[in-house]
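# Coordinate analysis (summary)
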Amino acid sequence: MKIFATESIKQLDAYTIENEPIESVDLMERAAQALAKAISQRWDDPETPFTIFAGPGNNGGDALAVARLLAGQGYHSEVYLFNTKGTLSADCELNKQRLEGLKGVDFHEITTQFVPPVLTEDHVVVDGLFGSGLNKPLAGGFAAVVKYINASPAKVVSIDMPSGLMGEDNTANTMANVIRADVTLSLQLPKLAFLFAENEPYVGEWELLDIGLSSEGIDELETDFYLTEGEDLGWQLKPRGKFAHKGNFGRALLVAGSQGMAGASVLAAKACLRSGVGLLTVHVPFCNNFIVQTAVPEAMTEVDFSETCFACATDTDDYQAVAVGPGLGRSAETEKALFEQMAICRVPMVLDADALNLLEGHRSAIKNLPKGSILTPHPKELERIVGKCQNSYERLMRARELAMEAEVYIVLKGAYTAVVTPQGQCYFNTTGNPGMATGGSGDVLTGIVLALLAQGYESELAARMAVYVHGLAGDVAVRKQGAIGMTAGDIVAHLPIAWRMLEEL
């Protein structure tokens, strides 16, 4: 699914109006019907008191049309249309005319002074002040209205965007002047801002409403941002022939573990084996050898000369992919061995955890990684390489810069993990849950990525598929046992079910 910048959404609306063809006010009516249906499904008691705030543009026109449609279903609404400059968009003006005098609607047009209504915990506020076209922070009277709504105990549902929130970059925004929605009903497609952690208090739960925007227009319009869905991936799974053997599914090398950190190598190894790799070797310090051989009997081990850490780069000629990092530690010996390993490796590498931390101050070394290599940082690990970031948007832009500069793939982990390509495209993941926020979860992901690379999947697909299945396994686990008690081992245990689910899509 594509994610468009707000300017592109305007183009898509215009394309639909011209090529369907459909009048703009009729497209607004279609959107209002979808909105009214979604709202009435959530609040199905006709006695629910609605207070609707409409701005002077098309977002306000949507809100006015919703008020009319809700009235037709027996709901009562108090409507406030803010027309302080005496200018409404044409479609907002038409919906104002359609609403005036309608039974079940108390309509107020605000041209000067606004006396705020009483909002109780029983009220539902419909926020239609400003939509996705906003390009500067709210101020003055509108900011005061937003603060009044936010201070009330009412539930808030925003049309398309919480008023005051910008669709992409909110770095220069005044967040105190942004609606804090409980629900955001986004028209047709998501907005990039929905996927950033710091915007969750404003967006709340978000739902996509299909309003029939042109599928041809969506296909033709270009973007660098996407949501990955299972249907994008299932058909790309490699089939397994009847006469296949372990040699057909790749040899992988996992360099992991240090004294006291054997668990990371165990989790990554188990995840790799649960993701279809043919043969796995784990390079471990001597102190971890017995642990790994006992915990993961399906894997082979290669013992480093060091008793406690990774200290010696190893030959990778017999492998199709190499992963380095889980539980590695940050000793001087390990740092030296990592850079040697990067220099001699000729197959795609996955760098995670301490392998990334050891790159702090060595950004230029990333360019030496083999083609198709993948970095899997969480936000703090990325910032150790690219510098401190103010927010998620800046962090994503820095990740894009690094991916394009070093020609690597970056898996930026989070609630909507982003796979960033060397071409600057960003694929956001749609699976996973807060139960996965537990130690070792990233090690599991590293093992899955390694397995897919070793099996010959292209790096972009390997990263996207690994992230999706990782989250899917977590979703299966959370349905069975809940989020609080989930461990990384539970994600590993449910990988076979997740792979089967992906196959069946």
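The preceding data block contains the structure.
The notes below deal with the structure included here. Note that the coordinates shown come from a computational prediction; the quantities given were computed from them, not determined experimentally.

The subject of this paragraph is the layout of surface pockets. Taken as a whole, the largest pocket spans an internal volume of roughly 1200 Å³. Elements with a contribution of two residues or more to the lining of the largest pocket: helix H6 (200-203), helix H13 (379-386), helix H14 (392-406), helix H15 (441-454) and helix H16 (459-481). In terms of residue count, H15 provides more of the lining of the largest pocket than any other element does, four residues in total. Looking at the lining of the largest pocket residue by residue, the classes come out as 20 nonpolar, 18 polar and six charged. Taken as a whole, the second largest pocket spans an internal volume of roughly 1000 Å³. Together, 42 residues line the second largest pocket, and Gly57, Asn58, Asn59, Gly131 and Gly133 are the ones closest to its centre. Mapped by element, the contributors of at least two residues to the lining of the second largest pocket are helix H1 (6-19), helix H2 (24-42), helix H3 (58-72) and helix H5 (140-151). Per-element tally for the lining of the second largest pocket: the top contributor is H1, with six residues. Split into classes, the residues belonging to the lining of the second largest pocket amount to 19 nonpolar, 15 polar and eight charged.

A complete count under the given rule lists 17 salt bridges for this structure. For Arg68, the salt bridge goes to Glu29, with nearest N and O atoms at 2.7 Å. A residue pair is termed long-range when its members are at least 10 positions apart, and Arg68 in helix H3 and Glu29 in helix H2 qualify at 39 residues. Of the two residues, Arg68 and Glu29, both sit in the buried class. Here Glu205 and Arg42 are joined by a salt bridge, their closest N and O atoms 2.8 Å apart.

Across the sheet, which stays open at both edges, the 11 strands sit in the order E1-E9-E18-E17-E16-E15-E14-E13-E10-E11-E12 with mixed pairing between neighbours. Single-partner strands in this sheet number two, and they are strand E1 (2-3) and strand E12 (300-303). Bridging between E1 and strand E9 (residues 225-227) involves two bridges; their strand directions are antiparallel. Paired with Ile3 across the strands is Phe225, a residue of E9. Against the sheet, H16 contacts strand E15 (374-375), strand E16 (409-412), strand E17 (418-420) and strand E18 (426-428), and its axis sits at roughly 10° relative to E16.

For the coordinates displayed, the defined rule picks out one cavity of 30 Å³ or more. Each pocket or cavity is described by its volume, and for the largest cavity that value is around 30 Å³. As for the largest cavity, its lining consists of Thr228, Thr417, Val419, Tyr427, Phe428, Asn429, Arg464 and Val467. Broken down by secondary-structure element, the contributors of at least two residues to the lining of the largest cavity are E18 and H16.

Time to look at the pairing of E16. The side-chain alternation of E16 yields two buried faces, one formed by Tyr409 and Val411 and the other by Ile410 and Leu412. Across two bridges, E15 lies against E16 in parallel orientation. Bridge pairing in E16 links Leu375 to Ile410. One ladder, built from three bridges, connects E16 with E17; its direction is antiparallel. Its bridge partner lying in E17, Ile410 is registered against Val420. The turn linking E16 back onto E17 is made up of five residues.

About the thresholds
- Residues numbered from 1 in each chain as written.
- Predicted model: local features only at pLDDT ≥ 70, side-chain atom pairs only at ≥ 80, totals over all residues.
- Heavy atoms only, no water.
- 1 Å grid on protein atoms, 1.4 Å probe; cavity = no way out; pocket = protein on both sides within 12 Å on 5 of 7 lines; lining within 4 Å.
- Points joined across faces, edges and corners; volume = space filled by probe spheres on them.
- Helix = DSSP H or I, 4+ residues; strand = E, 2+ residues; numbered from the N terminus.
- Nonpolar A, V, L, I, M, F, W, Y, C, P; charged D, E, K, R; others polar.
- Salt bridge = Lys/Arg side-chain N within 4 Å of Asp/Glu carboxyl O.
- Buried < 20%, exposed > 50% of the residue type's maximum accessible area, 1.4 Å probe, protein only.
- Pairing = 2+ DSSP bridges.
- Contact = heavy atoms within 4.5 Å.
- Axes fitted to C-alpha atoms, helices over the stretch in contact; angles between N-to-C directions.

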